[in-house]
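One letter stands for each residue in the lines below.
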Amino acid sequence: MPAFTAPDGTELAYHLVGEGEPVLVLPGGPMRASAYLGDLGGLASRRQLVMLDLRGTGGSGIPADPATYRVDRQVADVEAFRDHLGLDRVDILAHSAGGDLAILHAARHPWRIRTLTLITARARALGVDFTEEHRREAAALRRAEPWFEAAHDAYEAVWAGSATDADWDAIAPFFYGRWDTAAQAHAAADVEQSNYEAADVYASLDAFAPAAAREAVAALDARVLVLAGELDSGPLPRVAATVAGLFPKAELAVQPGAGHFPWLDDPVRFSGTVETFLRG
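Residues numbered from 1 in each chain as written. Predicted model: local features only at pLDDT ≥ 70, side-chain atom pairs only at ≥ 80, totals over all residues. Heavy atoms only, no water.

What follows deals with the environment of L126. Following the sequence through the fold, L126 ends up in the loop between strand 6 (113–119) and helix 3 (132–140). Taking relative accessible area as the criterion, L126 reaches 0% and is therefore assigned buried. In this structure the C-alpha to C-alpha distance between L126 and V274, which are 148 residues apart in sequence, comes to 23 Å. Setting aside chain neighbours within four positions, we find L126 in contact with I103, P210, A213, R214, V217, V243, L246 and F247. (Helix = DSSP H or I, 4+ residues; strand = E, 2+ residues; numbered from the N terminus. Buried < 20%, exposed > 50% of the residue type's maximum accessible area, 1.4 Å probe, protein only. Contact = heavy atoms within 4.5 Å.)

Taking burial as the measure, the seven residues of strand 7 (residues 223–229) include six buried ones, the bulk of the element. With five bridges joining them, strand 6 and strand 7 adopt parallel strand pairing. By the bridge assignment for strand 7, L118 is matched with V226. Strand direction decides the pairing type here: strand 7 and strand 8 (residues 250–255), joined by six bridges, are parallel. Across the sheet, residue L225 finds its bridge partner in strand 8, namely E251. A crossover connection joins strand 7 to the parallel strand 8 through helix 10 (residues 237–244); in handedness this β-α-β unit is right-handed. (Pairing = 2+ DSSP bridges. Right-handed = clockwise from strand over helix to strand, strands pointing away.)

Here the focus is the packing of helix 3 against helix 4 (residues 148–160). Contact geometry for helix 3 and helix 4: axes closest at 12 Å, N-to-C directions at 175°. Taken as axis vectors, helix 3 and helix 4 run roughly antiparallel relative to one another. On helix 4, the residues touching E132, R135, R136 and A139 of helix 3 are F148, H152, Y155, E156 and W159. Along the lines of polarity and charge, the residues of the contact of helix 3 with helix 4 split into four nonpolar, one polar and four charged. (Axes fitted to C-alpha atoms, helices over the stretch in contact; angles between N-to-C directions. Parallel < 35°, antiparallel > 145°, perpendicular 65-115°, else oblique. Nonpolar A, V, L, I, M, F, W, Y, C, P; charged D, E, K, R; others polar.)

Below, the structure is given as structure tokens:
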């Protein structure tokens, strides 16, 4: 697989999926290998997805200093990635916790961003986060699901801080619009694809300076798409609307029936929404 060298000497791998105008893709997790994104619901049939494995995940190397897993310190990786590809301005798509990395990169290098697509994305970098109350609100929408009772009991254990590994597995259906075979296989791959040591460092509190980031993105000239899932709790659609409101040229799309991985729930709708936005 292709690779490049980060400023600190760590070798970072990336994957080319599809053909067409490139979109730089930053995975979430946090710190989950980009393989979980697949072809983003067929978006790769319209655009070339240039999918980065963050340091310590997938095909990328383990850094000498574990402190460099911190999200703000990975901004230099994204900028080196852009430079390696020889692109002056880029379309960046980020999912989930990757949203913080994309936002911090846009705040630091605004002239490099042509478009920014934030998919069910975190925005702790801007001082916006999901809460237990948000999780409970979204969970209540799933009461009619056959798996709800057992999954909700496990969620209570998570909120109480007494969750076992089995409880963490049991809450997985809340993150998908449809708990079908594809969703179950996708969830089962999480452990193998994730670097939990790195995830513990990624969102360290001192990685964020929300006031400065808000000021920076308030002047961002790039178009921004904030795509939320109707059934997702991180962020709820109304929280995603708050995030969109912090950018001068942002639009909000809420995908009906979707959870945290909207390209799995309705691939055609998801890829069509993103491609329409990218075309402008």
